[in-house]
Amino acid sequence: MTDSLFSLQGKTALITGASSGIGLHIAGVYARAGAHVVLAARRTDRVDEAAAALRAAGHAASGIHLDVTRGDTIAAAFDAAEQAAGAPVDILYNNSGVIYTKPFMEQEEAEIARVFDTNLKGAMLVAQEAARRMAARRSGIIINIASTAGLRAGGTLSSYCASKAGLIHLTHVMALELAGKGIRVNAICPGNIETDMQQSLKDFEQALVKRTPMRRFGRPDDLDGVSLLLASDAGRYITGAAIPVDGGQALTWM
Ligand SMILES: NC(=O)c1ccc[n+]([C@@H]2O[C@H](COP(=O)([O-])OP(=O)(O)OC[C@H]3O[C@@H](n4cnc5c(N)ncnc54)[C@H](OP(=O)(O)O)[C@@H]3O)[C@@H](O)[C@H]2O)c1
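Residues numbered from 1 in each chain as written. Predicted model: local features only at pLDDT ≥ 70, side-chain atom pairs only at ≥ 80, totals over all residues. Heavy atoms only, no water.

J.: Looking at this structure, I do not really get the site of the ligand. What am I missing?
T.: Surrounding the ligand, one finds 31 residues, the nearest of these being Ser19, Tyr160, Ile193, Thr195 and Gln198. Here Arg43 contributes a side-chain N or O atom positioned 2.8 Å from an oxygen atom of the ligand. Within the side chain of Lys164, an N or O atom sits 2.9 Å from an oxygen atom of the ligand. In isolation the ligand exposes 870 Å². Once the protein is present, 95% of that is buried. Those elements that provide at least two residues to the shell around the ligand are helix H2 (21-32) and helix H6 (158-178). Here the residues of the shell around the ligand sort into 12 nonpolar, 14 polar and five charged. (Near = heavy atom within 4 Å. Polar contact = N/O pair within 3.5 Å; in protein donor to acceptor, adjacent residues only side chain to side chain. Areas by Shrake-Rupley, 256 points an atom, 1.4 Å probe, with all protein chains shown as cover. Helix = DSSP H or I, 4+ residues; strand = E, 2+ residues; numbered from the N terminus. Nonpolar A, V, L, I, M, F, W, Y, C, P; charged D, E, K, R; others polar.)

J.: Got a minute to help me understand the sheet that holds strand E2 (residues 36-41) in this structure?
T.: Pairing in this open sheet of seven strands is parallel, and the strands run E3-E2-E1-E4-E5-E6-E7 from one edge to the other. Either end of the sheet is taken by a strand with one partner, and the two such strands are strand E3 (61-65) and strand E7 (242-245). Taking the axes of each pair of neighbouring strands and ignoring which way they run, one obtains an average angle of 20 degrees across the sheet. Contacts from helix H4 (residues 74-85) reach strand E1 (12-16), E2 and E3, with the element oriented near 160 degrees to E3. (Pairing = 2+ DSSP bridges. Axes fitted to C-alpha atoms, helices over the stretch in contact; angles between N-to-C directions. Contact = heavy atoms within 4.5 Å.)

J.: Help me out: how do you make sense of the environment of Ile99 in this one?
T.: On the secondary structure map, Ile99 appears in the loop between strand E4 (91-94) and helix H5 (109-137). For the pair Ile99 and Ile22, spaced 77 residues apart in sequence, the C-alpha to C-alpha distance is 14 Å. Look past the residues within four positions of Ile99 in its chain and what remains in contact with it is Arg114, Leu157, Tyr160, Met197, Ser200 and Leu201.

J.: Looking at this model, I keep getting lost on the UniProt feature "domain: Ketoreductase" (unreviewed entry) in the protein chain. Mind explaining?
T.: When the UniProt feature table is mapped to this numbering, "domain: Ketoreductase" (unreviewed entry) covers residues 11-191. Annotated as 48% helix and 19% strand, the span residues 11-191 places its first and last C-alpha atoms 28 Å apart. (UniProt positions renumbered as here; feature names shortened; annotations may be inferred.)

J.: Looking at this model, I keep getting lost on the packing of aromatic side chains. Mind explaining?
T.: Aromatic ring pairs are reported here in terms of the distance separating the ring centres and the angle at which the planes meet. A full pass over the atoms with the stated rule returns one aromatic pair. Between the aromatic rings of Tyr30 and Tyr93, the centroid separation amounts to 5.7 Å while the plane-to-plane angle is 85 degrees, which identifies the pairing as edge-to-face. In this pair, Tyr30 sits in helix H2 while Tyr93 sits in strand E4, placing the two residues 63 residues apart along the sequence. (Phe/Tyr/Trp six-rings, centres within 6.5 Å; stacked < 30°, edge-to-face > 60°.)

J.: Help me understand the nonpolar core in this model?
T.: Formed by 33 residues in total, the largest nonpolar core has its most connected members in Leu8, Tyr30, Val37, Leu39, Tyr93, Ile143 and Ile188. Contributing elements (two or more residues each) for this core: E1, H2, E2, helix H3 (44-56), E4, strand E5 (140-145) and helix H8 (224-231). In terms of residues, this core owes the most to one element, H2, which gives six residues. Sequence-distant contacts of Tyr93, defined by excluding residues within four places in its chain, comprise Leu14, Ile15, Thr16, Ile22, Ile26, Tyr30, Ile143, Ile145, Ile188 and Ser227. (Core = buried A, V, L, I, M, F, W, Y, C linked by side-chain atoms within 4.5 Å. Buried < 20%, exposed > 50% of the residue type's maximum accessible area, 1.4 Å probe, protein only.)

J.: Sorry if this is basic, but what is going on with the pattern of salt bridges here?
T.: Close approach of charged atoms allows side chains of opposite charge to pair. Overall, the coordinates contain 13 salt bridges when judged by the stated rule. Across the pair Arg216 and Asp222 runs a salt bridge, and its minimum N-O distance is 2.9 Å. With a closest N to O distance of 3.6 Å, Asp222 and Arg219 form a salt bridge. For Arg219, a relative accessible area of 37% corresponds to the partly exposed category. Among the ionic contacts, a cluster of salt bridges with common partners joins Asp79, Glu82, Glu129, Arg132 and Arg133. (Salt bridge = Lys/Arg side-chain N within 4 Å of Asp/Glu carboxyl O.)

What follows is the structure in structure tokens.
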């Protein structure tokens, strides 16, 4: 009963930003839960290698190229994903993201654009393409990977925080509009998770751990439970949620 509730057997999951960190890890989790996983990112050598490793372990997996900032290529990426899986995308794990740390007054226009184009506009365009296809089948699940930075202010992270706050609010609007079309939309708000992205926050590591009630950074596998919950039948009545997975970090200012 418990196994079947969280099972992704027979489902196709498209995971963006799957060449490293959280996306790469969750691809393995979803594959082991029975999904055909399509790993997408710009570094195709990495997604192809990860997909091959999953196939060698007996799972169904493919790698495709995706640059979420290239809106004109997103529909073709979905076509490639569906062709590789031989089935439409049931679950979108909308995870591609970049970070940029600089004091507010020094943030540069090109970098601000890169952050918004990836974390907000890119995520929206990918979700839009998924929703169009899912609506035609009146079924689908979209999981946006936001951040505690979208819930609380973080110094030197103005464009990142604003992009993630936008993604959380976008999740609410999407959930509202898409519920009647059979599509559930939720956001996960991770705290500090040990991935490549954390390297840019190294200088603040001790201070951040001190401000986390559970007194440790998260690991990608701390996201397994919530990612399975939202993608499976276990989460069938959940939509419009933005779930912090952050050791309590968003609760407190000290
Ligand atoms: N680590 C944390 O503490 C933390 C906390 C809260 C939220 N998050 C969020 O979690 C998500 C994953 O981050 P991570 O920690 O796993 O960092 P990561 O290891 O740096 O992964 C980021 C992923 O995003 C992909 N990406 C970046 N730009 C892209 C683009 N234009 N098109 C397609 N893919 C792109 C990268 O792939 P390519 O470079 O190969 O394209 C990479 O696979 C991000 O949205 C991040 O904001 C992370």
